[in-house]
Structure formats: C-alpha cells, structure tokens
Amino acid sequence: MISINNTVQGDVNEISLVGRLDVKAAKDVEQAFEEAASQPYDVVLDLTELDYIASAGLRALKRLNSAVSKNGHELTLRGVQPDVMDVFELTGFAAILNFG
C-alpha cells in the first residue's frame, strides 16, 4: 500500500511517497507521475517514507525522469532510504538519477 502526497510550491512540484511501491501501487504512482510530468515545474520526489520499491516502481520512475527531462525540467530525489538506495545502485538507477 502506498500514499501519494502532491504539493506545488513556486516552480516545484513535490511528490511524497509513503509505504511500499510494489506492483499493486505502481499504477497509482504512474498516474501521479504522468500528471506531474505534464506540468511546467521541476519535480522533487521525497522518498523519506518509502520502504520498498519493486521493478514496476523503477519503470515508473524511469518514465517520470524521461518525461520531466523532455519538458526541460529536472527531477530530484531526496530522503532515499538505504534499502531503496541499494536497489537504485544494484540496478544502475543511481547513476542516472539526481539526488539532493
């Protein structure tokens, strides 16, 4: 189960994910990511309370990164938990994502 909180402040759209980003949650997250990427804002993805990410979540994150970049904006991840960072490092995502 996942909770998605979306807040726009100035020229930044901040999305906070709370819980587990598994296959069941990926559809909801993809929808939120598509909406965020269509807006004229940089995106900050707060993963402080994300405990787990599955391959479906990685796919959604890759699409978000591509869409935000394509629109001339930047995606920044913050608060990444060690277990989630391990997944990013093992899959090569750590090399293509921006952390702040």
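The preceding data block contains the structure.
The present account deals with the structure reproduced in this document.

Criteria and thresholds
- The residue count restarts for each chain, going from 1 along the sequence in the order it is written.
- Per-residue local features of the predicted model are confined to residues with pLDDT of at least 70, and side-chain atom pairs are confined, for both listing and counting, to 80 or more; whole-chain, interface and lining totals are unaffected and use all residues.
- Side-chain figures throughout are based on the complete set of non-hydrogen atoms in the structure, without hydrogens or water.
- What counts as a ring pair is set by centres within 6.5 Å for rings of Phe, Tyr and Trp (its six-membered ring), and what kind of pair is set by the plane angle: stacked under 30 degrees, edge-to-face over 60, tilted for all other angles.
- Helix and strand definitions here come from DSSP, where helices need a minimum of 4 consecutive H or I residues and strands a minimum of 2 consecutive E residues; each element is numbered from the N-terminal end.
- Throughout, exposure labels follow a simple rule: accessible area from a 1.4 Å probe, protein chains only, divided by the maximum for the residue type, with under 20% read as buried, over 50% as exposed, and the rest as partly exposed.
- Two thresholds decide whether a charge sits over a ring: the Lys NZ or Arg CZ must be within 6 Å of the ring centre and within 35 degrees of the ring normal.
- Any two strands between which DSSP finds at least two bridges are classified as paired.
- A fitted line through C-alpha atoms serves as each axis, taken over the contacting stretch for helices, and the angle formed by two N-to-C directions is quoted from 0 to 180°.
- Contacts are residue-level and defined by heavy atoms, with any inter-residue pair within 4.5 Å sufficient.
- A crossover gets the label right-handed when its path from the first strand over the helix to the second runs clockwise, viewed with the strands pointing away from the viewer.
- The patch calculation keeps residues exceeding 30% relative accessible area without a salt bridge and links them within 9 Å when they carry like charges or within 5 Å when they are nonpolar (Val, Leu, Ile, Met, Phe, Trp, Tyr).
- Computed with a 1.4 Å probe, the accessible areas rest on the Shrake-Rupley method; for each residue, only the protein chains presented here act as cover.
- Think of a salt bridge as a Lys or Arg side-chain nitrogen and an Asp or Glu carboxyl oxygen that are within 4 Å of each other.
- Counting rule for charge: Lys and Arg are taken as positive, Asp and Glu as negative, and neither His nor the chain ends is counted.
- Where a charge lies is defined by one atom per residue type: Lys uses NZ, Arg uses CZ, Asp uses CG and Glu uses CD.

## Some words on the packing of aromatic side chains
- For the coordinates displayed, the defined rule picks out one aromatic pair.
- Measuring from ring centre to ring centre gives 6.1 Å for F88 and F99, while their planes differ by 50°; the resulting arrangement is tilted. Pair noted here: F88 is in helix 3 (residues 82–91) and F99 is in the segment after helix 4 (93–96), with a separation of eleven residues, a long-range link.
- When its relative accessible area of 0% is taken as the criterion, F88 is described as buried.
- On the accessibility criterion, F99 (30% relative accessible area) is partly exposed.
- The ring of Y52 has R20 sitting right over it, with the charged end atom 4.2 Å from the ring centre.

## Quick look at the sheet that holds strand 2 (residues 12–21)
- Reading across from one edge, 1-2-3-4 is the order of the four strands in this open sheet, with mixed pairing throughout. In the strand order of this sheet, the two ends are held by strand 1 (2–9) and strand 4 (75–78), each with one partner. Neighbour-to-neighbour, the strand axes of the sheet open up by a mean angle of 20°, direction not taken into account.
- Inspection of the sheet shows strand 2 paired to strand 3 (residues 42–53) by nine bridges, in the parallel sense. When the bridges of strand 3 are listed, V18 appears paired with E49.
- Contacts from helix 2 (residues 55–70) reach strand 2, strand 3 and strand 4, with the element oriented near 170° to strand 3.
- Sitting on the sheet, helix 3 is in contact with strand 3 and strand 4, with an inclination near 110° to strand 3.

## Re the pairing of strand 3
- On the question of chirality, the crossover connecting strand 2 to the parallel strand 3 by way of helix 1 (residues 23–37) is right-handed.
- Regarding the hand of the β-α-β motif, the stretch spanning strand 3, helix 2 and strand 4 is right-handed.

## Quick word on the pairing of strand 2
- Where strand 1 lies against strand 2, eight bridges are found, and the strand directions are antiparallel. Bridge pairing in strand 2 places N5 opposite S16.
- Two successive antiparallel strands, strand 1 and strand 2, enclose a turn made up of two residues, where G10 displays a positive phi of approximately 65°.

## A closer look at a negative patch on the surface
- Taken together, E49, D51, D83, D86 and E89 make up a surface patch of like negative charges.
- Counting residues per element, the ones that place at least two in the negative patch are strand 3 and helix 3.
- Among the elements that take part in the negative patch, helix 3 stands out by supplying three residues, more than any other.
- Its location among the elements puts D51 in strand 3.
- A relative accessible area of 51% means that D51 is categorised as exposed.

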